[in-house]
Amino acid sequence: MRVVRGRRRRLDPDSIRLPLIALIDVVLFLLFYFVIAASFTGEENELATTLARESAVADGRGEAEPAVLVDIGWADEEARFSVDGRPVGARADLVETLRSIRGERTDRTIIVRADPNAPIEATAAAIQLAREAGFVEIGFALAPTSAASPIPAPIEDPR
Amino acid sequence: MRLSQRAVHYEAAFDLTPMIDVVFLLIIFFSLTSQFSAVDRTAVDLPRETGSTRTVEAPSEIVIDMDATGALTVDGRSIAPDALRAAIDRHASLARSVREEDGSLAMDVLVRADRRCRNEHLDALGRVLADAGVRRWKLATAGGT
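Everything numeric in this text was worked out from a predicted model, so none of it was measured.

Chemist: In this structure, what is going on with the overall build of chain B? I would like to understand it.
Modeler: Within chain B, the secondary structure is distributed over 4 helices and 5 strands. The order of helices and strands in chain B, counted from the N terminus, is α-α-β-β-β-α-β-α-β. When burial is assessed residue by residue, chain B has 39% of its 145 residues classed as buried. Relative to all contacts within chain B whose residues are 6 or more apart in sequence, the contacts with residues 24 or more apart total 71%.

Chemist: Which parts of the structure should I look at to understand the overall build of chain A?
Modeler: Helix and strand counts for chain A stand at 4 helices and 6 strands. Buried residues in chain A amount to 40% of all 159 residues. Accessible surface computed for chain A: about 10,100 Å², of which carbon and sulfur atoms make up 55%.

Chemist: Please clarify how the side chain of Asp-114 of chain B should be interpreted in this entry.
Modeler: By the secondary structure assignment, Asp-114 of chain B is in the loop between β4 (109–113) and α4 (119–131). A relative accessible area of 4% means that Asp-114 of chain B is categorised as buried. A distance of 2.9 Å separates a polar side-chain atom of Asp-114 of chain B from the backbone nitrogen of Arg-116 of chain B. Those residues within four positions of Asp-114 of chain B in sequence are excluded, and the remaining contacts are Ile-120 of chain A together with Val-44, Asp-45, Met-66, Asp-67 and Ala-68 of chain B.

Chemist: Would you mind going over the packing of aromatic side chains with me for this structure?
Modeler: The geometry of an aromatic ring pair is captured by the separation of the ring centres together with the interplanar angle, meaning the angle of the planes. One pass over the structure, following the stated rule, counts 1 aromatic pair over all chains. Plain terms: the ring middles of Phe-140 of chain A and Trp-137 of chain B are 6.4 Å apart, the flat faces sit at 75 degrees to each other, and that makes the pair edge-to-face. With Phe-140 of chain A in strand β6 (residues 137–142) and Trp-137 of chain B in strand β5 (residues 136–141), this pair bridges two chains. Comparing Phe-140 of chain A with Trp-137 of chain B, the two get one shared label, buried.

Chemist: Can you help me understand the interface of chain B and chain A in this one?
Modeler: Reports often express the size of an interface as the amount of accessible area lost when the parts come together. Contacts between the two partners involve 46 residues from chain B, matched on the other side by 39 residues from chain A. Our enumeration of links across chain B and chain A arrives at 3 salt bridges. Between Glu-121 of chain A and Arg-115 of chain B there is a salt bridge; the shortest N-O distance is 2.6 Å. Broken down by secondary-structure element, the contributors of at least two residues to the side of chain B that touches chain A are α1 (16–33), β4, α4 and β5 of chain B. A total of 9 residues in the side of chain B that touches chain A trace back to one element, the largest contributor, which is α1 of chain B. Split by residue class, the side of chain B that touches chain A holds 19 nonpolar, 12 polar and 15 charged.

Chemist: Got a minute to help me understand the side chain of Asp-65 of chain B in this structure?
Modeler: Residue and element names in this part refer to chain B. Among the secondary structure elements, Asp-65 is positioned in strand β1 (residues 62–66). Of the polar contacts made by the side chain of Asp-65, one reaches the side chain of Arg-112; its length is 3.1 Å. Excluding residues that lie within four positions of it along the chain, Asp-65 makes contacts with Arg-41, Thr-42, Val-44, Ala-71, Leu-72, Thr-73 and Arg-112.

Chemist: What is the right way to look at the confidence of the model for chain A in this model?
Modeler: It should be kept in mind that the predicted coordinates are not to be read in detail where pLDDT is low. Residue and element names in this part refer to chain A. Across chain A, pLDDT averages 74, with 64% of residues at or above 70. Of all helices and strands in chain A, the one with the weakest mean pLDDT is helix α2 (residues 54–61) (52), whereas helix α4 (residues 120–132) scores best (91). Of the regions scoring below 50 in pLDDT, residues 146–159 engages in 18 contacts with residues more than four places distant in sequence or in other chains.

Chemist: Can you walk me through a nonpolar patch on the surface in this structure?
Modeler: Residues and elements named next belong to chain A. Together, Leu-20, Leu-23, Ile-24, Val-27, Leu-28, Leu-31 and Val-35 give the surface a local cluster of nonpolar side chains, amounting to about 660 Å² of exposed area. Along the polypeptide, Leu-23 turns up in helix α1 (residues 20–39). Here Leu-23 falls in the partly exposed class, since its relative accessible area comes to 45%.

Chemist: How should the pairing of strand β2 (residues 68–75) of chain A be read in this particular structure?
Modeler: Each regular strand displays side chains that alternate between the two surfaces of the sheet. All names here are of chain A. By the criterion of burial, β2 is predominantly enclosed, with 7 of the 8 residues buried. In this structure, β2 lies alongside strand β5 (residues 109–114), joined through 5 bridges in parallel fashion. The residue bridging Leu-69 from the neighbouring strand is Ile-111, located in β5. Taken together, the 6 bridges between β2 and strand β3 (residues 78–83) define a ladder with antiparallel strand orientation. Pairing of Ile-72 across the sheet is with Phe-81, part of β3. From the end of β2 to the start of β3, which pair antiparallel, there are 2 residues, and Asp-76 there has a positive phi angle of about 55 degrees.

Cut-off values and rules
- Residues numbered from 1 in each chain as written.
- Chains lettered and ligands numbered in written order.
- Predicted model: local features only at pLDDT ≥ 70, side-chain atom pairs only at ≥ 80, totals over all residues.
- Heavy atoms only, no water.
- Helix = DSSP H or I, 4+ residues; strand = E, 2+ residues; numbered from the N terminus.
- Buried < 20%, exposed > 50% of the residue type's maximum accessible area, 1.4 Å probe, protein only.
- Contact = heavy atoms within 4.5 Å.
- Areas by Shrake-Rupley, 256 points an atom, 1.4 Å probe, with all protein chains shown as cover.
- Polar contact = N/O pair within 3.5 Å; in protein donor to acceptor, adjacent residues only side chain to side chain.
- Phe/Tyr/Trp six-rings, centres within 6.5 Å; stacked < 30°, edge-to-face > 60°.
- Salt bridge = Lys/Arg side-chain N within 4 Å of Asp/Glu carboxyl O.
- Nonpolar A, V, L, I, M, F, W, Y, C, P; charged D, E, K, R; others polar.
- pLDDT = per-residue confidence, 0-100.
- Patch = residues over 30% accessible without salt bridge, like charges linked within 9 Å, V, L, I, M, F, W, Y side chains within 5 Å.
- Pairing = 2+ DSSP bridges.

Quick look at the structure:
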């Protein structure tokens, strides 16, 4: 037995209409959403999860090995770095110096001592480079205003 | 006269457009409401260092904004350095942060300091935090240039 199905109605091409208003509605919603979402996605990271005051770092160590000291000087609107009293020139030199010191030591403690007038940007850079060099315990201290250690002069880049 | 008994068949159609409208409305609503904590933060020109990825904001976290002059803002409100200690204590009690026997406070502190701010202000803030028992804190960065 053959089942006869109802005749399929053929669609009239003129009756097929794209619902433009709904489409525009959805597109505008998408636009609105992404504009709002993008305005809030300013990337913000954090630095030095173990940042501590110098005294706290010293208390926690209990070892005879003195911590590495990174000094940040500030002169002529420019930050100048020195490691254990030795001036370091460029940013790349600082990280290399810290890496070599890190390789010689078992302790991963470092203290960043900043000039009171130096901007936090320089301190953040020193902490960042210390982290990149493998130091974990990072302390922050302020250099005495009397500047017991003179601000190191910048080193000319030999290249 | 006999009328046709043929049943009228309505085509069942599910209109997706209003549903999509509502879904996107909900997405926008939730994305806005979930960002209120970030909106509370002031615009600070953070140091442009890579840092590490921000961990999920813990309930015990307090965010301290410090502008280029060293002025402090907590939860969107300006706060005097003298009042910061009280604000930390209040936040610690609300978040039920545990104070250890040595006086240290188990609290996450994020300092959003302007990159041009002088270190003496950061040091002063560090002293207040140390007095309050917060020995470790984090500096926010802009995630590199």
